[in-house]
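# Architecture at a glance
Spelled out, the chains give:
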Amino acid sequence: AANDCPVVIHSPRPASPPLSHAVSADELSAIPEAELARRSAALALWYEENAAWSVIAKRLANLIGGTTAVSSRADRTAPVPPGAT
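Attention in this report is confined to the structure presented alongside it. (Residues numbered from 1 in each chain as written. Predicted model: local features only at pLDDT ≥ 70, side-chain atom pairs only at ≥ 80, totals over all residues. Heavy atoms only, no water.)

Counting secondary structure elements, the chain contains 2 helices and 4 strands. Counted from the first residue to the last, the chain has its helices and strands arranged as β-β-α-α-β-β. Here the chain holds 85 residues, and 26% of them are scored as buried. Considering only contacts in the chain between residues 6 or more positions apart, those separated by 24 or more positions represent 28%. In the form shown here, the chain has an accessible surface area of approximately 5,600 Å², with 60% of it arising from carbon and sulfur atoms. (Helix = DSSP H or I, 4+ residues; strand = E, 2+ residues; numbered from the N terminus. Buried < 20%, exposed > 50% of the residue type's maximum accessible area, 1.4 Å probe, protein only. Contact = heavy atoms within 4.5 Å. Areas by Shrake-Rupley, 256 points an atom, 1.4 Å probe, with all protein chains shown as cover.)

What follows is the structure, encoded as structure tokens:
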């Protein structure tokens, strides 16, 4: 999702995100290129807003009462602890 690649799922697409932005296997032969790009971009945006390491780290920090000063690595693969840059 984070790399703008389409996600293909075996079952029918649900109505709510994030999997509503996926492509069901039965759509593969008929989905227009523009719709594929739209869904990929929508899923990447959902990921950035809800599931990126920086978002998860902030939520965890809030749960344990810690700092929220957590940033992502340039490639968004993991959080960078404060003072580690």
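With that settled, the discussion passes to the pattern of salt bridges. If you walk through the whole model with that rule in mind, you get 4 salt bridges. In this structure, the salt-bridge partner of Arg39 is Glu27, at a minimum N-O distance of 2.9 Å. Taken as a pair, Arg39 in helix α1 (residues 33-50) and Glu27 in the loop between β2 (23-24) and α1 lie far apart in primary sequence, 12 residues in all. The same class applies to Arg39 as to Glu27, namely buried. For Glu35, the salt bridge goes to Arg38, with nearest N and O atoms at 2.8 Å. Taken together, the residues span about one helical turn, with Glu35 and Arg38 both in helix α1 at a distance of 3 residues. Where salt bridges share partners, they join Arg13, Glu27, Glu35, Arg38 and Arg39 into one cluster. (Salt bridge = Lys/Arg side-chain N within 4 Å of Asp/Glu carboxyl O.)

The subject of this paragraph is the environment of Ala22. Relative to the elements of secondary structure, Ala22 occurs in the loop between β1 (8-9) and β2. When the C-alpha atoms of Ala22 and Val7 are compared, they prove to be 5.0 Å apart, with 15 residues separating the residues in sequence. Among residues more than four places away in sequence, those in contact with Ala22 are Val7, Ile9, Arg13, Glu27 and Arg39.

On the surface, Trp53, Ile56, Leu60, Leu63 and Ile64 cluster together into a nonpolar patch covering about 560 Å² of accessible area. Relative to the helices and strands, Trp53 resides in helix α2 (residues 53-64). (Patch = residues over 30% accessible without salt bridge, like charges linked within 9 Å, V, L, I, M, F, W, Y side chains within 5 Å.)

Here the focus is α2. Between its first and last C-alpha atoms α2 spans 16 Å; for 12 residues at 1.5 Å apiece the expected length is 16 Å, and the two agree. Ser54, Val55, Ala57 and Ala61 are the residues of α2 that are buried. Projected down its long axis, α2 shows its buried positions confined to an angular sector of 165°, all on one face. Positive backbone phi, approximately 80°, marks Gly65, located one or two places after α2. (Expected span 1.5 Å × (residues − 1). Arc of directions from axis to C-beta.)

Attention now goes to the packing of α1 against α2. Relative to each other, α1 and α2 sit at 30°, their axes nearing to 6 Å. Between α1 and α2, the crossing angle belongs to the class labelled roughly parallel. For the pair α1 and α2, the contacting residues are Tyr47, Glu48, Glu49 and Asn50 in the first and Trp53, Val55 and Arg59 in the second. Tallied by class, the residues present in the contact of α1 with α2 amount to 3 nonpolar, 1 polar and 3 charged. (Axes fitted to C-alpha atoms, helices over the stretch in contact; angles between N-to-C directions. Parallel < 35°, antiparallel > 145°, perpendicular 65-115°, else oblique. Nonpolar A, V, L, I, M, F, W, Y, C, P; charged D, E, K, R; others polar.)

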